[in-house]
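Residue-level listing of the chains:
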Amino acid sequence: MRQLGRVDEARRAYLRAIELGREHLEVNPDDSEARAGLSMALAGYGDCELALEQAQRLESVAELAPTEHYYLALAYQLCEEGAKAREHAQRASAGGIDVTKSPDLEGVSSRN
């Protein structure tokens, strides 16, 4: 939505995703996919401080799913953390996710 110029709609969607992610993590604090999704939503909303805080909480998790790596790649890229974005994009790609289809990872995915 953001790429299509529908900024207000995107902001509302990100706020809703943040709200749902936080509610879910209150009940399931160890859900790494929800935490990665929350990180991505926070980054998309523009709150990089909280996005990176959530992402860093997952850095110690030994086995993240490809989808979680993809969400983290997006969060890191949106927060201008290129090295971390590349690392997670490569891991998502190795797990079978075509990261080249994401406009937000365009610069990252070309370096895989």
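Note that the structure is a prediction, hence the values are computed from the model and not measured. (Residues numbered from 1 in each chain as written. Predicted model: local features only at pLDDT ≥ 70, side-chain atom pairs only at ≥ 80, totals over all residues. Heavy atoms only, no water.)

**Student:** What is the right way to look at helix H5 (residues 82-94) in this model?
**Tutor:** Taking 1.5 Å as the rise per residue, H5 with 13 residues should run 18 Å; its terminal C-alpha atoms sit 18 Å apart, in good agreement. Taken together, the buried positions of H5 are Ala85, His88, Ala89 and Ala92. The arc enclosing the buried residues of H5, seen along the axis, measures out at 105°, which places them on a common side. When the buried face of H5 is taken as reference, the exposed residues oriented beyond 90 degrees from it are Ala83 and Ala94. A positive phi of about 105° marks Gly96, the residue just after H5. (Helix = DSSP H or I, 4+ residues; strand = E, 2+ residues; numbered from the N terminus. Expected span 1.5 Å × (residues − 1). Buried < 20%, exposed > 50% of the residue type's maximum accessible area, 1.4 Å probe, protein only. Arc of directions from axis to C-beta.)

**Student:** Hey, could you run me through the side chain of Gln54 in this one?
**Tutor:** Within the secondary structure layout, Gln54 lies in helix H3 (residues 48-58). Judged by relative accessible area, which is 9%, Gln54 ranks as buried. Excluding residues that lie within four positions of it along the chain, Gln54 makes contacts with Leu25, Arg35, Leu38, Ser39 and Leu42. (Contact = heavy atoms within 4.5 Å.)

**Student:** For this particular structure, what's the right way to read the environment of Ala41?
**Tutor:** Within the secondary structure, Ala41 sits in helix H2 (residues 32-45). The exposure class of Ala41 is buried, given its relative accessible area of 4%. Placed 46 residues apart in sequence, Ala41 and Glu87 show a C-alpha to C-alpha distance of 19 Å. With sequence-adjacent residues up to four places away left out, Ala41 is seen in contact with Tyr14, Ala17 and Ile18.

**Student:** Quick question: what am I supposed to make of the state of the cysteines here?
**Tutor:** The term disulfide refers to a covalent linkage connecting the sulfur atoms of a pair of cysteines. By the definition in use, this model includes one disulfide. One disulfide in the model links Cys48 with Cys79; its S-S distance is 2.3 Å. Here Cys48 and Cys79 share a disulfide; its torsion about the S-S bond, -95°, makes the bridge left-handed. Highlighted residues: Cys48 in helix H3 and Cys79 in the loop between helix H4 (66-78) and H5, separated in sequence by 31 residues. (Disulfide = S-S within 2.5 Å.)

**Student:** I tried to follow the pattern of salt bridges on my own but got confused; where do I start?
**Tutor:** Close approach of charged atoms allows side chains with opposite charge to pair. For the structure on display, the rule yields four salt bridges. Between Arg16 and Glu19 there is a salt bridge, with its nearest N and O atoms 3.1 Å apart. Of the two residues, Arg16 and Glu19 both sit in helix H1 (residues 7-27), three residues apart, roughly one turn of that helix. With its nearest N and O atoms 3.2 Å apart, the salt bridge here joins Glu59 to Lys84. (Salt bridge = Lys/Arg side-chain N within 4 Å of Asp/Glu carboxyl O.)

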